[in-house]
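Tertiary structure, described
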Amino acid sequence: MVRWAAFSCVLVPVVLVGYGTSSAGAAGTALGLAAVTGACRVLLRRSERGAARLHAAERTPHHVRQGGADDGERHGDHRGGRQHAGGNTPVD
């Protein structure tokens, strides 16, 4: 895909000059296409990395995961037992 984008960044200005557009206009078009191509490449790589991370996280067994919002435990929660408001006070 990137090869086709690079090819079009070269081909489009050549065609524009062939149809009578100024060299400066064709160069500006080439720079614009190169910028869009670069931005799309960066976004595509970021998306692929995110998808790979998500896929790896889905394949990891639940007991191996650490932290995160989906592990069913919130900060301050205690498993089992009762929570006391007043610390270690004797009960009458």
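This is a predicted model, so every value here is computed, not measured. (Residues numbered from 1 in each chain as written. Predicted model: local features only at pLDDT ≥ 70, side-chain atom pairs only at ≥ 80, totals over all residues. Heavy atoms only, no water.)

**Quick look at the overall build of the protein**
What the protein contains, in helices and strands, is 2 helices and 0 strands. Per-residue burial for the protein yields a buried fraction of 5% across its 92 residues. Within the structure as shown, the protein displays about 8,300 Å² of accessible surface, and the carbon and sulfur contribution to it stands at 59%. (Helix = DSSP H or I, 4+ residues; strand = E, 2+ residues; numbered from the N terminus. Buried < 20%, exposed > 50% of the residue type's maximum accessible area, 1.4 Å probe, protein only. Areas by Shrake-Rupley, 256 points an atom, 1.4 Å probe, with all protein chains shown as cover.)

**Let's talk about the environment of alanine 30**
Checked against the element boundaries, alanine 30 lands in helix α2 (residues 23-59). Since its relative accessible area comes to 18%, alanine 30 is described here as buried. Between the C-alpha atom of alanine 30 and that of valine 10, which follows or precedes it by 20 residues, the distance is 6.9 Å. In this structure, alanine 30 is in contact with Cys9 and Pro13, ignoring residues within four places of it in sequence. (Contact = heavy atoms within 4.5 Å.)

**Examining a nonpolar patch on the surface**
A cluster of nonpolar side chains, contributed by Trp4, Phe7, Leu11, Val15 and Tyr19, occupies part of the molecular surface with about 620 Å² of accessible area. Position of phenylalanine 7 among the secondary structure elements: in helix α1 (residues 2-18). (Patch = residues over 30% accessible without salt bridge, like charges linked within 9 Å, V, L, I, M, F, W, Y side chains within 5 Å. Salt bridge = Lys/Arg side-chain N within 4 Å of Asp/Glu carboxyl O.)

**Considerations on the environment of threonine 21**
Summarising the element assignment, threonine 21 is placed in the loop between α1 and α2. Given the relative accessible area of 34%, threonine 21 is considered partly exposed. For threonine 21, the residues in contact, after removing those within four places along its chain, are Leu16 and Ala26.

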